Amino acid sequence: MAGNEWINGYLEAILDVGSSTRKKNDGKLKIEKFEEEKLKEQKLFSPTKYFVEEVINSFDESDLHRTWVKVIATRNTRDRSNRLENMCWRIWHLARKKKQIAWDDARKLAKRHLVREQGRNDAADDLSELSEGEKEKGDSNLLESAKELSRINSDTQIWSDDKSRHLYIVLISIHGLVRGDNMELGRDSDTGGQVKYVVELARALANTKGVYRVDLLTRQIASPEVDSSYGEPIEMLSCPSDGSGSCGAYIIRIPCGPRDKYIPKESLWPHIPEFVDGALSHIVNMARALGEQVNGGKPTWPYVIHGHYADAGEVAAHLSGVLNVPMVLTAHSLGRNKFEQLLKQGRLSREDINTTYRIMRRIEAEELGLDAAEMVVTSTRQETDEQWGLYDGFDIKLERKLRVRRRRGVSCFGRCMPRMAVIPPGMDFSYVTTQDSLESDGDLKSLLSSDRNQNKRHLPPIWSEIMRFFTNPHKPTILALSRPDPKKNVTTLLKAFGECHRLRELANLTLILGNRDDIEGMPDSSSVVLTTVLKLIDKYDLYGQVAYPKHHKQAEVPEIYRLAAKTKGVFINPALVEPFGLTLIEAAAYGLPVVATKNGGPVDILKALNNGLLVDPHDQKAIEDALLKLVADKNLWSECRKNGLKNINRFSWPEHCRNYLSHVEHCRNRHPTSRLEIMTIPEEPMSDSLRDVEDISLRFSIEGDFKLNGEIDVAARQKKLIEAISQTASSNGNPSVSNSPGRRQMLFVIATDCYDSEGGTTEKFQGIIKNVMKAAGLSLGLGKIGFVLVTGSSLRETMEALSSCQVNVEDFDALICNSGSEVYYPWMDLVADGDYEAHLEYRWPGENVRSMVMRLGRVEDGCEDDISEYAAACSSRCYSYNIKPGAKTRRIDDLRQRLRMRGFRCNLIYTRAASRLNAVPLFASRIQALRYLSIRWGIDLSKVIVFMGELGDTDYEELLGGLHKTLILKGSVECGSEKLLRDKDNFKKEDTVSMENPNINYVESYEAHNISAALGTLGIK
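Colleague: Got a sec to walk through the pairing of strand 23 (residues 916-921)? Specific residues and values, please.
Modeller: The two faces of the sheet receive side chains in turn, since in a regular strand these alternate between them. In terms of residue burial, strand 23 counts as a mostly covered element, since six of its six residues are buried. Bridge count between strand 21 (residues 879-883) and strand 23: four bridges; the pairing is antiparallel. Directly across from Tyr881, in strand 23, lies its bridge partner Leu917. What sits between strand 22 (residues 906-911) and strand 23 in their antiparallel hairpin is a turn of four residues, with Arg912 showing a positive phi close to 50°.

Below is the structure:
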């Protein structure tokens, strides 16, 4: 204790101060009462408060407080000394822990900033001053490059109302409770402003000329915890009027995750692949149906897919990749910003934050959204500069530099950045009446005459509910409307109101803080806020001056604004940080001046509306002064009201939609390719001329090895039969049959990465293929099942492995090679799918990234030959690198981060037991290739069985999730590459895939009878 004598002395001083303020018979007075008495005595300095705030600031002091209560209640000197010593050690431990956490986090943050800066410098060096030749080229090609420019420029034209267009738009918002009417906003942290925003956006877009249909995709919830309406698969949001040329807007609910549970967004991550597959199925079916209606039978693919929040952004990225449709992202709030704020608070360690909020998983989804998005919609410039600027995949200086080079027609060396478009959210003004825009007489005398009982029945119910709290309901109302969240800073507002006697004389305060039945049954954060509110009302004796109704309906919110406006009141949003501030726009529409936080979106809103004052949310005195100024100065109040009503149309939904569609139109550099046709599988039996063939896929070796009679070789015969059947299909008016191997009831996908420790193919590979095919024959019969092989190896290596295993390549309908970057069809002479290659072209840096991967993949103290290019496995869509045995290389997450910082967007996979690294296009992967084939061949993903081992390449986790069935063959794979996937501080496997998924099953071995039995349990017989 010698080194902590100052603490001991300080605590003794605290005890002395405490004892002088307590009554003799109140030895067990709690610390809160002690501090309250000190405040009453002219707010004397509180050493206790100072010590806790300054010495152990940002820690949870509950445990320390319990010890403190015991100390001040102890009369025995010896016990008191012991308790003091115990408390000192607790403080020392907390302080030490805080310093360690702060040091570790600061070191990691500094390292990340250093890496980021190096990446930006590398990009800047490559994109440095243009040469004279480039300048001349840029000047001569300026007009031509402007036509090819995919980004938004200053010449963006306003959206034209063209009825001849029939656009199909897909919006995605997964979490929360989403429905069109009586939205339960504030029910929980997942059901807030985002729900209202996406529903109103869907309705507004559907009412825009040229838009034929809008689908809002969300999660289907059939849980007894919530209303049954959330379990309905389809809900109409807007019914089109006759002659409008639209079929309206709809909520489409996709099953995802546990069917009978309503789970928070932090727990949804393992179920994202399932949602992707379900959404893909819906979009394909809708594209077919809309094509029949308005596009002459040709599929009508979405004009844009728009993801809202990180989870929906990841879904949109995958759908965008497989459909080759442009993607737009709106974050609503950002994970990296929240992560850094939580670290600065020091209450939780990095591990605790990750466990509680799944924050690293969310950040990676946001980074993927940046990789894939053509455009990112932000509400304010602050969101662009201060929040998105924290991400590896976006740098505002590099984005501007790339935009300039594109306009000049100069190479960007494969680097890409999404364009940030500031488009403020719109508002539905249908509830705003002409009367709302007229000058009010400022009181309720016309509504509240001396005969209250007679007039009460004419008032909206919510008015009566609010006014029953007030002693004098005629006074101006200060209105705050938010959910009970600490970030909304309602307690500071209440303190400002309670401590300003002038403000209390002039106005009442109305707090609309969501809906509640029992505070104790609410989430911890909400119950703490509401309990504090009640305590403060009691502390300042605000009864008769503050209204805090328990319930209100969403439809009653306009009446709440009207009541405040009738009393010449003020609306306030005192949030610590407000990403946008939609309630400020709503308040302005009803003629309410506003006071708002200066942190975030309100800065831009008040600049446009000029109808209020900005304040520092931490400055209680500033809040008091701003409210008092607007309430007391009637001329200023009238001027702010007038300005708000005059400028409010800038935030209308029609204006938002025109602005939004104009930006989307000018950022589209990818259009759905006309070659992506949906294969229609005929239901009728095959013609007599083909009855001798088991099926149309031209399988030459189904029941065993195919034997030739010498008259023709296999390849020639295959080609001849393909031509004959293609001619037959053409004569039947169905030329697209050539895109499919034939009629298949199911697809069996072999994805076992059978490699030894040196990356060579093991003998188990042959056994697995033969046993899977044998089990298939025992189940449905080989003619009804198609086989696909997916591998990280090149086509040449795959063919060699099949040849050494004595397996005929013609047994497969497709070979997916080089980690999903190439698709080959053995029944078409191993022709590569050109349309799939076109899909992968998006943001592929090509040769520009070839040497960069090799350079960045080596660790600082590594050797030059740790990573070397393997030219034999390289192709136009895949660069392969050999990893020297025993060499240390960067993990996938680290390498991807470094590439993003330099503006490169691609996918990276370690394969062949981590002896090979493949760099492929952003949307190339084995699971994406399977989704592509399911569209091409018209096979539902639920009819796909994927056979895997217990280990695999670094894309192993991606293959586990989704609607397809997965059979994990125990003992089939000896060595995997997962150790090089991500750092231990990153998210975990359970954040990517749920191993409790009923679609994932284990098979005791890869023997045929075990596989057949497992198929039987899946109902495949």
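Colleague: Go over the packing of helix 22 (residues 582-589) against helix 23 (residues 602-609) with me, naming the residues and quoting the values.
Modeller: Where helix 22 meets helix 23, the axes come as close as 9 Å, and the angle between the chain directions of the two elements is 25°. In terms of axis orientation, helix 22 runs roughly parallel to helix 23. Of the two elements, helix 22 crosses helix 23, and the hand of that crossing is right-handed. On helix 23, the residues touching Leu584, Ile585 and Ala588 of helix 22 are Pro602, Ile605, Leu606 and Leu609. Of the residues in the contact of helix 22 with helix 23, the class split is seven nonpolar, no polar and no charged.

Colleague: Quick one: what's the story with empty space enclosed by the protein, residue by residue and with numbers?
Modeller: Counted according to the given criterion, the structure contains six cavities of 30 Å³ or more. Quantified by volume, the largest cavity comes out at close to 120 Å³. For the lining of the largest cavity, the elements supplying multiple residues, two or more each, are strand 16 (785-790) and helix 29 (795-804). A per-element tally of the lining of the largest cavity places helix 29 first, with three residues. Broken down by class, the residue content of the lining of the largest cavity amounts to six nonpolar, five polar and three charged. If you add up the space inside the second largest cavity, you get close to 60 Å³. Lining the second largest cavity, in full, are Leu511, Leu513, Arg516, Ile519, Leu530, Val533, Leu534, Tyr548 and Pro549. Ranked by residue count, the leading element in the lining of the second largest cavity is helix 20 (residues 524-539), at three residues. For the lining of the second largest cavity, the class distribution of residues is eight nonpolar, no polar and one charged.

Colleague: Describe the packing of aromatic side chains, naming the residues involved and giving the relevant values.
Modeller: All chains considered together, the criterion is met by twelve aromatic pairs. Aromatic side chains Tyr197 and Trp653 sit 5.7 Å apart centroid to centroid with 55° between the ring planes, which places their arrangement in the tilted category. Here Tyr197, found in helix 8 (residues 193-206), pairs with Trp653, found in helix 26 (residues 653-667); they are 456 residues apart in sequence, far enough to count as distant. A relative accessible area of 5% places Trp653 in the buried class. Ring plane angle 55° and centroid distance 5.0 Å describe the contact between Tyr836 and Tyr932, whose orientation is recorded as tilted. Of the two residues, Tyr836 is situated in helix 30 (residues 834-840) and Tyr932 in helix 33 (residues 926-937); the sequence distance between them amounts to 96 residues. Across the pair, Tyr932 and Tyr836 agree in class, each one buried. Three or more aromatic residues link up through ring pairs in this structure, and these residues are Tyr561, Phe571 and Tyr590. Here Arg336 stacks its cationic end above the ring of Tyr391, 5.3 Å away from the centre of that ring. A cation sits over an aromatic face here: Arg361 above Phe987, 5.5 Å from the ring centre.

Colleague: Run through the sheet that holds strand 23, naming residues and quoting values.
Modeller: Judged by pairing direction, the sheet is antiparallel, and its four strands sit side by side in the order 20-21-23-22 without closing on themselves. Pairing within the sheet leaves two strands with one partner each, and these edge strands are strand 20 (867-869) and strand 22. The sheet shows a mean angle of 25° between the axes of neighbouring strands, direction not considered. In this structure, strand 20 lies alongside strand 21, joined through three bridges in antiparallel fashion. When the bridges of strand 21 are listed, Ser868 appears paired with Asn882. Helix 31 (residues 850-857) rests against strand 20, strand 21 and strand 23 of the sheet, and its axis sits at about 165° to strand 20.

Colleague: Break down helix 33 for me, citing the residues and quoting the values.
Modeller: With twelve residues, helix 33 extends 16 Å from end C-alpha to end C-alpha; this agrees with the ideal 16 Å at 1.5 Å per step. For helix 33, the tally of buried residues reaches twelve of twelve residues, placing the bulk of the element in the interior.

Colleague: Got a sec to walk through the sheet that holds strand 16? Specific residues and values, please.
Modeller: Sheet architecture is open: eight strands sit in the order 19-18-17-16-15-24-25-26, paired in mixed fashion. Sheet topology places strand 19 (831-832) and strand 26 (1000-1003) at the edges, where each strand pairs with a single neighbour.

Colleague: Could you give me a rundown of the pattern of salt bridges, with the residues and numbers involved?
Modeller: Within this structure, the stated rule accounts for 53 salt bridges. One salt bridge in this structure joins Glu274 and Arg259, with 3.0 Å as the shortest N-O distance. Note that Glu274 is positioned in helix 9 (residues 272-294) and Arg259 in the loop between strand 4 (248-255) and helix 9, a separation of 15 residues in sequence. You can call Arg259 partly exposed: its relative accessible area is 46%. A salt bridge links Arg658 to Glu655, with the nearest nitrogen and oxygen atoms 3.2 Å apart. Linking Arg658 with Glu655, this pair stays in helix 26, spanning three residues, or about one helical turn.

Cut-off values and rules
Just so you know, the residues in each chain are numbered from 1, in the order the chain's sequence is written. Whole-chain, interface and lining totals are the exception, using all residues; otherwise, since this is a predicted model, local features are given only for residues with pLDDT of at least 70 and side-chain atom pairs are given and counted only at 80 or more. Side-chain calculation: all heavy atoms of the structure are included, whereas hydrogens and water are not. Burial classes: relative accessible area under 20% of the type maximum marks a residue as buried, over 50% as exposed, and values in between as partly exposed (1.4 Å probe, protein chains only). Runs of H or I in DSSP of at least four residues are treated as helices and runs of E of at least two as strands, each being numbered from the N terminus. At least two DSSP bridges between two strands are required for those strands to pair. Orientation is described by lines fitted to C-alpha atoms, with helices fitted over the stretch in contact, and by angles between N-to-C directions that extend from 0 to 180 degrees. These descriptions rest on fixed angle ranges, namely under 35 degrees for roughly parallel, over 145 for roughly antiparallel, 65 to 115 for roughly perpendicular, and the rest for oblique. Crossing handedness is defined as follows: a turn of the near helix away from the far one that is anticlockwise and smaller than a right angle gives a left-handed crossing, while the clockwise case is right-handed. Only heavy atoms matter for contacts: two residues are in contact if any of them lie within 4.5 Å across the pair. Note on residue classes: Ala, Val, Leu, Ile, Met, Phe, Trp, Tyr, Cys and Pro are nonpolar, Asp, Glu, Lys and Arg are charged, and everything else, Gly too, is polar. Two kinds of site are reported from a 1 Å grid over the protein atoms alone, namely cavities, where a 1.4 Å probe fits but cannot get out, and pockets, open sets with protein on both sides within 12 Å along at least five of seven lines, and residues are called lining when an atom falls within 4 Å of a point. Grid points are joined across faces, edges and corners, and a volume is the space filled by probe spheres set on the points. Note on ring pairs: Phe, Tyr and Trp rings are taken, using the six-membered ring of Trp, and paired if centres are within 6.5 Å. Classes follow the plane angle, with under 30 degrees stacked, over 60 edge-to-face and the rest tilted. Only when the NZ atom of a Lys or the CZ atom of an Arg is both within 6 Å of the ring centre and within 35 degrees of the ring normal do we say a charge sits over the ring. Here the expected length of a helix is defined as 1.5 Å per residue gap, with one fewer gap than residues. A pairing counts as a salt bridge when a side-chain nitrogen of Lys or Arg comes within 4 Å of a carboxyl oxygen of Asp or Glu.

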